[in-house]
Amino acid sequence: MRCRPNSRRASNTPILPLAEQLEDHGIRKFELEVFADPDGGLFASRAANAVVGLDPASGLPELDAPGFRMMPPRTSTTAPPARHWSAANPDHVPMMIMIETKEQSVLRPSAGPRERLL
């Protein structure tokens, strides 16, 4: 498997904080994908990093705990930063935050219905 030369750089591109996306870039539409991780640890390893020669360990102990995971990953929940930004900018145009719940794990797409994360 060969990677494009810019793949390593692209995989390290940080996701800008929501407030920065709103304030500096004028972004008003966000889509978040939510995955269940009932046992914890499902997203603790970043397998794609190993493909491009990076450490696959996430380094985030909270990913070992059960819960829901948001994609793209955020360091905080989306609603409070959006709410705070909106309150500080009351004349802004409406923003849209779409939340797509996933019924199937990205790691086990061929799993049977009982094995899928719900």
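Residues numbered from 1 in each chain as written. Predicted model: local features only at pLDDT ≥ 70, side-chain atom pairs only at ≥ 80, totals over all residues. Heavy atoms only, no water.

A.B. asks: In this structure, what is going on with the overall build of the protein chain? I would like to understand it.
C.D. replies: Of regular secondary structure, the protein chain possesses 4 helices and 3 strands. Listing the helices and strands of the protein chain from first to last along the sequence gives α-α-β-α-β-α-β. Looking at the protein chain residue by residue over its 118 residues, the buried ones come to 22%. Long-range pairs, those at least 24 residues apart, make up 64% of the contacts in the protein chain with a sequence separation of at least 6. As presented, the protein chain carries roughly 8500 Å² of accessible surface, and 57% of it is formed by carbon and sulfur atoms. (Helix = DSSP H or I, 4+ residues; strand = E, 2+ residues; numbered from the N terminus. Buried < 20%, exposed > 50% of the residue type's maximum accessible area, 1.4 Å probe, protein only. Contact = heavy atoms within 4.5 Å. Areas by Shrake-Rupley, 256 points an atom, 1.4 Å probe, with all protein chains shown as cover.)

A.B. asks: Please explain the packing of aromatic side chains as it appears in this structure.
C.D. replies: Each aromatic ring pair is described using two quantities: the centre-to-centre distance and the angle formed by the ring planes. Under the defined criterion, the tally for this structure stands at 1 aromatic pair. Here Phe35 and Phe43 contribute two aromatic rings whose centre-to-centre distance is 5.8 Å and whose plane-to-plane angle is 55°, an arrangement assigned as tilted. Phe43 carries the same exposure label as Phe35, and that label is buried. (Phe/Tyr/Trp six-rings, centres within 6.5 Å; stacked < 30°, edge-to-face > 60°.)

A.B. asks: Which parts of the structure should I look at to understand the environment of Glu23?
C.D. replies: Relative to the elements of secondary structure, Glu23 occurs in helix H2 (residues 18–25). In this structure the C-alpha to C-alpha distance between Glu23 and Asn89, which are 66 residues apart in sequence, comes to 9.4 Å.

A.B. asks: Honestly, the side chain of Asp37 in this entry has me stumped. Any pointers?
C.D. replies: Checked against the element boundaries, Asp37 lands in strand S1 (residues 29–37). Within the structure, the side chain of Asp37 is placed 3.4 Å from the backbone nitrogen of Gly41, a separation counted as a polar contact. (Polar contact = N/O pair within 3.5 Å; in protein donor to acceptor, adjacent residues only side chain to side chain.)

A.B. asks: What's the story with the pattern of salt bridges in this structure? I'm lost.
C.D. replies: Pairs can form between side chains of opposite charge once their charged atoms are near each other. Throughout the structure, instances matching the rule amount to 3 salt bridges. In this structure, Glu33 and Lys102 form a salt bridge, with 3.8 Å as the shortest nitrogen-oxygen distance. Of the two residues, Glu33 sits in strand S1 while Lys102 sits in the segment after strand S3 (96–101), which places them 69 residues apart along the sequence. Taking relative accessible area as the criterion, Glu33 reaches 24% and is therefore assigned partly exposed. The partly exposed category is assigned to Lys102, whose relative accessible area is 25%. Where Lys102 meets Glu100, a salt bridge forms, and the shortest distance between an N and an O atom there is 2.9 Å. The network of salt bridges with shared partners includes Glu33, Glu100 and Lys102. (Salt bridge = Lys/Arg side-chain N within 4 Å of Asp/Glu carboxyl O.)

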